[in-house]
Structure formats: C-alpha cells, structure tokens
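# What the coordinates show
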Amino acid sequence: MLASRAFSLVGRRSICTSLCLRAHGHAGVVKADDFSLPAYVDRRDVPLPEVAFVRDLSAQQKALKEKEKASWTALSIDEKVELYRMKFNETYAEMNKGTNEWKTVLGGVLFFLGVSGIILIWQKHFMYGPIPHTFSEEWLSAQTKRMLDMRVNPVEGISSQWDFEKNEWKK
Amino acid sequence: ARGVQHTAVRQAHRKHAPNFHDKYGNLVLLGGAAVFTTVWGYVLTQLGMEWGLSPVGRVTPREWRE
C-alpha cells in the first residue's frame, strides 16, 4: 500500500530508466554502457546466468531460435548443441577443468631459490674471509673431547649422546 | 555422472587454444628443478662453506691435554 502511495506521489514517469529515456528520443542522454547491463558469467554457483552468452544472433541463429519454439524432438543433436552454446559459454566440465599453472609456479619458485644459491656462491668467493682454524678437524676433535670431559649439557645435549662406558657415540 | 561423461566426450572436439602453462609448463618445471639441484648441490658440497654441523656421530674425540 505504501508503494502505491509512493507511486502516486512521485509519478510513474520519473521512475523511468535511462533506457526508457532513450526510447523517447531525448538527445544528449548517455547510452547504457555494457558494464551497467546484466552480465553473463561462468560460475559454478550460478547455474543460470542473467543473460544468454551470445547477445547478437546471426540470421542463422535467429532461425534456430524460431525452430526452438516448436517441438524439441524436431531438433537435431547439432542444433541442440548450437542452442546450448548460444546460451552458455563453457560447460561445467570446461569450467571446472584444472590447468597446468602449478608447473609454471613450482618451476619459477625452484629457479629463484637457485638464484639465491648463486648469491651464496658470490658471497663465498668475493666476501667471506678464510674459515677460522678452530673449525679444522684436529681442533674440533680436541674441542669435542674437552666438552665431553666437562660433561657439557649432560641432560639432553652433547654429553647425553656419548656413551662413556663404551667410548663411542650412542646409536 | 555418466551423462556428464557423455557430454564431455561430445564437447571434446572443442579444444581451447593452449595457454602458456600448457606450452611451457613442463619446460619451466624441469628447468627450474635442474637449476635448483645443480646450484645447491654445488653450494652444499663443493663450495667449501662451513655449515657448522653437529659433532655428534661425526667427530671422533681426541685427547686435548698437553
């Protein structure tokens, strides 16, 4: 009731859309752009889009649409497929089909990880100094024995990994 | 499900043009993997980096007292 009251107050003419105005032949009114009209979309959750896929039909397609108004048993398989393709762009199978994009992504990732390895090579060659003598085999073995003699980290650390009875690393 | 299969077979002749990933995906993947393995294989073994690995199971303790 409120709606009809509003109508009588405002008047029907002003609720015309821009398309209506165009039909009245008013010059200088902007034509409705494509993006403002209902659009076709291929989406899994929109089984029946607002408009058909093919908007401007050829003469052949128009004839087929006329034929569609009669009994559908008269249509051939190809005609049915053509009617489907006029209304829809991709089938659900085509829509849901996966791509090979992951190959490009993964390949790219691995390549650039390789680039960071090259940066490391550059750093070692041009930037790092010599390795300190405390990393030599002789020093490390002496250092390790001293740590074990001192019982460094006996609970969960290095001394817990050494078997003091058998004099070897625990298996 | 069977109906979908039938439809898929019928539409099979309508192949969309191959995109970049169809044409070069395998090449990019294998190329990237090759670059990765060569570079890091070299870095980890041949470059002479000190990685500071644990002595456990690796180093044999040696007497240190003079």
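Residues numbered from 1 in each chain as written. Chains lettered and ligands numbered in written order. Predicted model: local features only at pLDDT ≥ 70, side-chain atom pairs only at ≥ 80, totals over all residues. Heavy atoms only, no water.

## Focus on the overall build of chain B
When you go through chain B residue by residue, the secondary structure sums to two helices and zero strands. Counting over 66 residues, chain B shows a buried share of 15%. Accessible surface computed for chain B: about 5200 Å², of which carbon and sulfur atoms make up 61%. (Helix = DSSP H or I, 4+ residues; strand = E, 2+ residues; numbered from the N terminus. Buried < 20%, exposed > 50% of the residue type's maximum accessible area, 1.4 Å probe, protein only. Areas by Shrake-Rupley, 256 points an atom, 1.4 Å probe, with all protein chains shown as cover.)

## Digging into the overall build of chain A
For chain A, the helix and strand inventory stands at seven helices and two strands. The secondary structure elements of chain A, listed N-terminal to C-terminal, are α-α-α-α-α-α-α-β-β. Out of the 171 residues in chain A, the part that is buried amounts to 19%. In chain A, the share of contacts with a sequence separation of at least 24, taken over all contacts with a separation of at least 6, comes to 31%. Element-wise, carbon and sulfur atoms account for 61% of the exposed surface of chain A, whose accessible area totals about 13300 Å². (Contact = heavy atoms within 4.5 Å.)

## Considerations on the packing of helix α6 (residues 101-126) of chain A against helix α2 (residues 20-45) of chain B
Put simply, α6 of chain A and α2 of chain B touch, their axes get as near as 7 Å, and they point 25 degrees apart. Taken together, the axis directions place α6 of chain A and α2 of chain B in an arrangement best described as roughly parallel. The two elements α6 of chain A and α2 of chain B meet at a crossing, and its hand is left-handed. The class makeup of the residues in the contact of α6 of chain A with α2 of chain B is 18 nonpolar, ten polar and two charged. (Axes fitted to C-alpha atoms, helices over the stretch in contact; angles between N-to-C directions. Parallel < 35°, antiparallel > 145°, perpendicular 65-115°, else oblique. Left-handed = near helix turned anticlockwise from the far one by under 90°. Nonpolar A, V, L, I, M, F, W, Y, C, P; charged D, E, K, R; others polar.)

## What to know about the nonpolar core
Among the nonpolar cores identified, the biggest contains five residues, and these are L120 of chain A together with V39, V43, L47 and M49 of chain B. Every residue in contact with V43 of chain B, bar those within four places of it in the chain, is listed here: G117, L120 and I121 of chain A together with M49 and W51 of chain B. (Core = buried A, V, L, I, M, F, W, Y, C linked by side-chain atoms within 4.5 Å.)

## As for the UniProt feature "transmembrane region" (unreviewed entry) in chain B
In the numbering used here, UniProt assigns the feature "transmembrane region" (unreviewed entry) to residues 24-43 of chain B. Spanning residues 24-43 of chain B, this segment combines 100% helix with 0% strand, and its end C-alpha atoms are found 28 Å apart. (UniProt positions renumbered as here; feature names shortened; annotations may be inferred.)

## Describing unusual backbone geometry
Residue and element names in this part refer to chain A. One non-glycine residue, N153, lies in the positive phi region at around 45 degrees. One non-glycine residue, N167, lies in positive phi territory at about 60 degrees. Residue position: N167 is located in the loop between β1 (162-163) and β2 (168-169).

## Concerning α2 of chain B
Since there are 3.6 residues in each turn of an α-helix, residues three or four apart along the chain are aligned in direction. End to end, α2 of chain B covers 36 Å across 26 residues, agreeing with the expected 38 Å (1.5 Å per residue, within 8%). Of all the bends in α2 of chain B, the greatest measures close to 30 degrees and is centred on N26 of chain B. Inspection of α2 of chain B places G25, L29, G32, V39 and V43 of chain B among the buried residues, and these make up the whole buried set. Along its buried surface, α2 of chain B packs onto α6 of chain A. A side-chain oxygen of the first residue of α2 of chain B lies 3.1 Å from the backbone nitrogen of H21 of chain B; this N-cap is N19 of chain B. (Expected span 1.5 Å × (residues − 1). Bend = angle between axes of the 7 residues up to and from the residue. Polar contact = N/O pair within 3.5 Å; in protein donor to acceptor, adjacent residues only side chain to side chain.)

## Remarks on the side chain of K124 of chain A
Along the chain, K124 of chain A falls in helix α6. Of the side chains with opposite charge, E50 of chain B lies nearest to the buried K124 of chain A, which makes no salt bridge, at 8.5 Å. (Lys, Arg positive; Asp, Glu negative; His and termini not counted. Salt bridge = Lys/Arg side-chain N within 4 Å of Asp/Glu carboxyl O.)

## Quick notes on the layout of surface pockets
Leftover empty space is mapped by rolling, across the atoms, a probe with the size of a water molecule. Approximately 240 Å³ is the volume attributed to the largest pocket. If you trace the largest pocket, you find twelve residues lining it, with K97 and G98 of chain A together with H16, N19 and D22 of chain B closest to the centre. When grouped by side-chain class, the residues that make up the lining of the largest pocket number two nonpolar, five polar and five charged. (1 Å grid on protein atoms, 1.4 Å probe; cavity = no way out; pocket = protein on both sides within 12 Å on 5 of 7 lines; lining within 4 Å. Points joined across faces, edges and corners; volume = space filled by probe spheres on them.)

## Let's talk about the interface of chain A and chain B
Opposite the 43 residues of chain A that make contact, chain B presents 34 residues. Each partner contributes to the roughly 3400 Å² buried at the junction of chain A and chain B, and carbon and sulfur atoms together form 70% of this total. Summed over the shared surface of chain A and chain B, the result is two salt bridges. Where E63 of chain B meets K145 of chain A, a salt bridge forms, and the shortest distance between an N and an O atom there is 3.9 Å. Secondary-structure elements contributing two or more residues to the side of chain A that touches chain B are α4 (77-87), α6 and α7 (137-149) of chain A. (Buried area = accessible area lost by both parts, 1.4 Å probe.)

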